[in-house]
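Listed here are the chains, written in short residue letters.
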Amino acid sequence: MGNVIAFRSKDFVKWADGVLEGVLRRSPIGSGVDYLTKDFFNWATRNSIYPLHFGIMCCALEMAVASAPRFDAQRFGVIYRSTPRQCDVLLVNGPVSKKLKPALRRLYDQMPGPKWVIAMGECAISGGPFYNSYSVVPGVDQFIPVDIYIPGCPARPEALIDAFIKLQKMIKENKKGLLTGK
Ligand code: SF4
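Residues numbered from 1 in each chain as written. Predicted model: local features only at pLDDT ≥ 70, side-chain atom pairs only at ≥ 80, totals over all residues.

1. Some points on the environment of S67
1) Next: Following the sequence through the fold, S67 ends up in the loop between α3 (58–66) and β1 (89–93).
2) Next: Remark: the alpha-carbon pair of S67 and Y80, spanning 13 residues in sequence, is separated by 9.1 Å.
3) Next: With residues near it in sequence (within four places) discarded, S67 still touches A73, Q74 and Y80. (Helix = DSSP H or I, 4+ residues; strand = E, 2+ residues; numbered from the N terminus. Contact = placed C-beta atoms within 7 Å.)

This is how it looks when you write it as C-alpha cells:
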C-alpha cells in the first residue's frame, strides 16, 4: 500500500485558507476585489457597530440609557453583543481595577479586527475619583490603545452617541480593502 496523505478537516481549512489568502493578497486579483468591495464593506462596517456589553459602575447606567427609547442608539446601527468574538468596539466605562486589567485585555485580544476602543467617563480615561487608588488603573490606555475619549462624570448618553458618530466618521476616513489593507 502506498503512503496515504490525509488532512483532518481543520487542517485542510487552515491550509486552503492560507493558500487562497496568499494568492489573493499577492496577485492583482486582490487589488481588484478590494477595489470592487471596499466601499460596500466600509459602509457596512460603520453602520453596524457592535460594542461589547461591558460596564463596571455608574457610567454603565448611562450606557444602558443611550440604548433606551429616548436616545435610541440603535438607529445608528449600534447593537450590543455579549461575546467579544461578535464585537468590533470595546466600550470601557467605570474604574478598571488592577485585578480586572488582564481579563479586560483578554477580551480585547479575543475581538476580531478591525476593532476600536472607546473610553467613556473620567474613570476609564484616568481613574477618575480613584486616580490615586492603590487598586485602580489610572486610565485604560495604559494597556489598551484607545481611539475615542468621552469626558464626563458620568458621561451623558448624548456624548456616547456623539462618540459613535465620530467613530463612524473615523471608519469612513480610514477606508481600507479587506485583502490588501490599502
Ligand atoms: S466617571 Fe464618574 S459616573 Fe462614570 S463610573 Fe466613574 S465615578 Fe461613576
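2. Quick look at the packing of helix α2 (residues 28–46) against helix α6 (residues 157–173)
1) Next: As a packed pair, α2 and α6 sit with axes 9 Å apart at the nearest point and diverge in direction by 165°. The orientation of α2 with respect to α6, classified from their angle, is roughly antiparallel. The handedness of the crossing between α2 and α6 is right-handed. Contact residues: α2 offers N42, T45 and R46, while α6 offers Q168, I171 and K172.
2) Next: Grouping the amino acids of the contact of α2 with α6 by side-chain chemistry returns one nonpolar, three polar and two charged. (Axes fitted to C-alpha atoms, helices over the stretch in contact; angles between N-to-C directions. Parallel < 35°, antiparallel > 145°, perpendicular 65-115°, else oblique. Left-handed = near helix turned anticlockwise from the far one by under 90°. Nonpolar A, V, L, I, M, F, W, Y, C, P; charged D, E, K, R; others polar.)

3. Here we look at the domain arrangement of the protein chain
A common way to express how large an interface is: the accessible area buried when the components associate.
1) Next: Entries for the protein chain in the domain assignment read domain 1 (9–46) and domain 2 (58–173).
2) Next: Computed over C-alpha atoms, the centres of domain 1 and domain 2 are 30 Å apart. (Domains from an automatic or database assignment.)

4. Some remarks on the sheet that holds strand β2 (residues 116–120)
1) Next: Judged by pairing direction, the sheet is parallel, and its three strands sit side by side in the order β1-β2-β3 without closing on themselves. Each having just a single partner strand, β1 and β3 (148–150) make up the two edges of the open sheet. Geometrically, the sheet is characterised by an average inter-axis angle of 15° between neighbouring strands, direction not taken into account.
2) Next: Along the sheet face, α6 touches β2 and β3 and points at about 165° away from the line of β3. (Pairing = 2+ DSSP bridges.)

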